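Fold and geometry: a report
Each chain, letter by letter, is given below.
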Amino acid sequence: MDSIISLKQSILKDFQIDYNDCSINENKIIELLGYNDDTVPETVEESVKYILNELPGKVKLHSGYKIFNPRKVILDNNKFIIDNRLFNCGKIIYSSLKKSESISFLVASIGKEIENWSRHFMDNNEMLKGYLIDKIASELVEQLADKTEKFLEDDLEEIELKATNRYSPGYCGWSVSDQQNLFSLLPSMFCGVSVNSDSLMTPIKSVSAVIGVGKQVEKKDYQCSICDIDFCYKRERNA
Amino acid sequence: MENILQQLSLCIERGKVNKVSNYPADMKDLPGAIELTRQALDQGISAKDVLNSGFLPGMKIVGEKFKNGKIFLPEVLISAKAMSSAMELLKPYFHSGEISYKGKVIMGTVSGDLHDIGKNIVKMVLEGGGWQVIDLGTNVSAEKFINSINSESVKVVGLSALLTTTMQNMKEIVHRIKTETNDVIVIVGGAPLTKEFADSINADAYFSDPQGMLDFLNQKIIL
Ligand code: B12
């Protein structure tokens with residue numbers, strides 16, 4: 001019961017993270033592209049190096065989370081409700097969240113400039129660089145989300161609470177349209193992100209997620225085995 | 001003649017843009033796609049032969065290697081750059097009508113959606129296969145597709161979407177294209193799409209990758 005008492009109200013935090021605290025590694029990118037040290041074409045390697053060098057000046061790492069006051073949160077029947085807003089998260093995610101005392105939302109974004117940078121190359125017959133920027137940017141925002149998840153876990157640890165895995169609307173059978181409700185419970189332009197009526201976030205390189213919070217919850221290996229969505233890439237990322 | 005076109009084809013396949021480019025290392029200091037194209041035209045080889053026996057066979061090999069998992073997307077993009085750089089030299093021949101594209105295709109990411117990397121790659125592969133692509137960009141409405149179909153007299157349209165939500169917008173776009181224009185083939189693609197979804201919205205075809213669309217166009221569409 002202590003934990004609920006220490007979470008009497010919602011907690012909102014946002015972070016502007018320095019690129020050096022969230023950097024990406026060249027080898028990881030090479031690997032993500034399908035190569036290894038021996039097979040990567042020189043020009044790909046050079047381009048990756050060039051991009052990683054310029055990247056810090058092109059991104060703005062902004063992320064944050066909100067942990068809701070447990071009194072506002074109801075979890076029931078493969079759904080959860082916060083402040084009267086219903087989230088149809090589905091069976092798979094619910095099974096991981098169900099022991100939560102509260103729910104938190106996480107948002108991470110690396111800003112808009114990167115899109116223009118990639119497009120600039122695309123428009124100037126430099127498709128390789130344009131594509132690599134896009135790929136690297138996707139990896140960076142995932143890493144930013146990982147880092148933010150860690151911040152949340154550290155903060156929770158101080159009040160003796162734990163976190164579940166993070167689940168994004170649009171994954172594991174949860175409809176992306178619940179983004180509408182998710183963003184309606186956050187300050188407008190939280191972390192510089194807005195969501196349109198089709199539930200697409202701008203800037204494009206943004207991620208949103210929900211994480212269950214409580215004494216009894218636990219973080220598991222991603223539960224791909226109980227989900228049957230075959231176009232999901234988490235399966236590969238977590239393989 | 002054979003020889004120079006074969007060399008040209010190899011430059012496209014390997015992504016050798018011009019003489020000064022250091023890539024690929026084993027072709028350093030050799031003439032690249034740009035020099036060979038110029039040389040071929042200077043020797044009196046027709047633009048048509050340069051296109052059909054130099055450029056396109058090079059890109060065809062690239063497409064096949066990619067399909068068979070022998071190379072990855074970055075190498076396709078490297079080849080595409082060599083091709084489009086040399087293609088500049090053929091532009092006057094397209095304008096004069098001496099050579100023509102296989103046909104014209106409109107591409108766009110549907111309304112509500114701003115994701116364009118996938119669509120850009122499709123565009124590039126189709127261009128590499130000898131098709132002219134009119135790129136309407138992202139967040140494209142039914143209206144805009146239809147206006148462009150009419151003004152450009154195009155018979156094939158490719159729609160792209162990233163999310164299951166924006167994918168729903170394809171339904172209305174396909175419906176309007178089908179009811180407001182004549183005999184236009186609509187092809188859909190993007191990460192969340194499936195053949196079943198494409199069938200359910202009456203699209204003519206779905207492909208998970210650009211090569212599938214290119215093969216379809218090359219086999220089925222005679223414009
Ligand atoms: C990288 C990635 C991201 C990155 C970058 C996204 C971006 N748009 O730049 C980040 C991490 C930011 C991200 C975020 C999100 N993502 Co995401 N993401 C992906 C991932 C892994 C790859 C997408 C990609 O860029 N691929 C590379 C490009 C080159 O491929 P492509 O666009 O698919 O295009 C290729 C083909 O599809 C095809 N093609 C494309 N268009 C067309 C058109 C025609 C006519 C044809 C023939 C072919 C064709 O050819 C292209 C080249 O091969 C996919 C899963 C996957 N494996 O596809 C999920 C995926 C697209 N994401 C998904 C989701 C849900 C999200 C989020 C909503 C999650 C969240 N709540 O945060 C957000 C939304 C972001 C936003 N702005 O609103 C879902 C979408 C399905 C759905 N449920 O709606 C997917 C499918 C993952 C899943 N669940 O399996 N994502």
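Residues numbered from 1 in each chain as written. Chains lettered and ligands numbered in written order. Predicted model: local features only at pLDDT ≥ 70, side-chain atom pairs only at ≥ 80, totals over all residues. Heavy atoms only, no water.

Some words on the overall build of chain A
The helix and strand tally for chain A stands at 8 helices and 10 strands. Counting only residues that meet the buried cut, chain A has 51% of its 239 residues in that class. By sequence separation, contacts in chain A at least 24 residues apart represent 76% of the contacts at least 6 residues apart. With an accessible surface of roughly 11400 Å², chain A has 45% of that area assigned to carbon and sulfur atoms. (Helix = DSSP H or I, 4+ residues; strand = E, 2+ residues; numbered from the N terminus. Buried < 20%, exposed > 50% of the residue type's maximum accessible area, 1.4 Å probe, protein only. Contact = heavy atoms within 4.5 Å. Areas by Shrake-Rupley, 256 points an atom, 1.4 Å probe, with all protein chains shown as cover.)

What about the packing of aromatic side chains?
Here the structure, examined in full by the defined rule, presents 11 aromatic pairs over all chains. With a centroid separation of 6.1 Å and 70° between ring planes, the pair formed by Phe 80 of chain A and Trp 174 of chain A is classed as edge-to-face. Highlighted residues: Phe 80 of chain A in strand E4 (residues 79-82) and Trp 174 of chain A in the loop between strand E7 (162-167) and helix H7 (179-184), separated in sequence by 94 residues. For the pair shown, Phe 80 of chain A and Trp 174 of chain A are each scored as buried. Ring geometry for Phe 94 of chain B versus Tyr 101 of chain B: centroids 4.1 Å apart, planes at 10°, classification stacked. Linked through ring pairs, Phe 68, Phe 80, Phe 87, Phe 105 and Trp 174 of chain A together constitute an aromatic cluster. Its end group placed over the ring of Tyr 50 of chain A, Lys 129 of chain A keeps NZ or CZ at 5.3 Å from the ring centre. (Phe/Tyr/Trp six-rings, centres within 6.5 Å; stacked < 30°, edge-to-face > 60°. Lys NZ or Arg CZ within 6 Å of the ring centre and 35° of its normal.)

What about the sheet that holds strand E1 (residues 104-109) of chain B?
All names here are of chain B. What the 5 strands build is an open sheet, ordered E2-E1-E3-E4-E5; its pairing is parallel. Strands with a single pairing partner mark the edges of an open sheet, and in this sheet they are strand E2 (132-135) and strand E5 (205-206). Here strand E4 (residues 185-189) runs beside E5; their pairing, made up of 2 bridges, is parallel. Within the sheet, the bridge partner assigned to Ile 187 lies in E5 and is Ala 205. Sitting on the sheet, helix H7 (residues 142-152) is in contact with E1, E2 and strand E3 (156-160), with an inclination near 165° to E1. (Pairing = 2+ DSSP bridges. Axes fitted to C-alpha atoms, helices over the stretch in contact; angles between N-to-C directions.)

Details of the nonpolar core
Leu 55 of chain A together with Phe 55, Leu 90, Leu 126 and Leu 217 of chain B are the most contacted members of the largest nonpolar core, which totals 98 residues. Broken down by element, the residue count for this core peaks at 13 residues, all from helix H6 (residues 127-158) of chain A. Counting residues domain by domain, this core receives three or more from each of domain 1 (2-96) and domain 2 (104-220) of chain B. Within the second largest apolar cluster, 27 residues are counted, among which are Met 170, Ile 177, Val 186 and Leu 193 of chain B. (Core = buried A, V, L, I, M, F, W, Y, C linked by side-chain atoms within 4.5 Å. Domains from an automatic or database assignment.)

Overview of H7 of chain B
All names here are of chain B. Taken together, the buried positions of H7 are Ala 142, Phe 145, Ile 146, Ser 148 and Ile 149. Buried residues of H7, viewed axially, fall in a sector of 165°; they line one side. Check the buried side of H7 and you find it contacts E1, E2, E3 and helix H8 (164-180). Just beyond H7, the residue with positive phi is Ser 153, at close to 45°. (Arc of directions from axis to C-beta.)

Structural notes on the site of the ligand
Lining the immediate environment of the ligand, one finds 40 residues, of which Met 201 and Lys 205 of chain A together with His 115, Ser 160 and Thr 164 of chain B sit closest. The ligand is flanked by residues contributed from chains A and B. One of the backbone N or O atoms of Met 201 of chain A is found 2.7 Å from an oxygen atom in the ligand. One of the backbone nitrogen or oxygen atoms of Ser 208 of chain A is found 2.8 Å away from an oxygen atom of the ligand. Taken together, the elements giving at least two residues each to the shell around the ligand come down to H6 and strand E10 (206-214) of chain A together with helix H6 (117-128), E3, E4 and helix H10 (210-220) of chain B. Ranked by residue count, the leading element in the shell around the ligand is H6 of chain B, at 4 residues. Looking at the shell around the ligand, its residues break down into 24 nonpolar, 14 polar and 2 charged. (Near = heavy atom within 4 Å. Polar contact = N/O pair within 3.5 Å; in protein donor to acceptor, adjacent residues only side chain to side chain. Nonpolar A, V, L, I, M, F, W, Y, C, P; charged D, E, K, R; others polar.)

Things to note about the pairing of strand E2 (residues 61-67) of chain A
Residue and element names in this part refer to chain A. Among the 7 residues of E2, 7 are classified as buried, and the element is accordingly described as predominantly covered. Neither face of E2 is open: one carries Leu 61, Ser 63, Tyr 65 and Ile 67, the other His 62, Gly 64 and Lys 66, and all of them are buried. The sheet contact formed by strand E1 (residues 11-17) and E2 spans 7 bridges and is antiparallel. Paired with Leu 12 across the strands is Lys 66, a residue of E2. Here 6 bridges tie E2 to strand E6 (residues 102-109), and the two strands are oriented antiparallel to one another. Bridge assignment links Tyr 65 to a residue of E6, and that residue is Leu 106.

A few points about the interface of chain B and chain A
The interface of chain B with chain A comprises 31 residues on the first partner and 25 residues on the second. Where chain B abuts chain A, roughly 2300 Å² becomes buried across the two surfaces, and 67% of that area is made up of carbon and sulfur atoms. Where Lys 81 of chain B meets Glu 126 of chain A, a salt bridge forms, and the shortest distance between an N and an O atom there is 3.2 Å. In this structure, the connection of chain B to chain A is made through 9 residue pairs in polar contact (both at pLDDT 80 or more). (Buried area = accessible area lost by both parts, 1.4 Å probe. Salt bridge = Lys/Arg side-chain N within 4 Å of Asp/Glu carboxyl O.)

Let's talk about the side chain of Gln 179 of chain A
Residues and elements named next belong to chain A. As for its placement among the helices and strands, Gln 179 is situated in helix H7. Gln 179 sits in the buried class, given a relative accessible area of 2%. Excluding anything up to four places from it in sequence, Gln 179 contacts Pro 169, Val 195, Ser 199, Met 201 and Ser 208.

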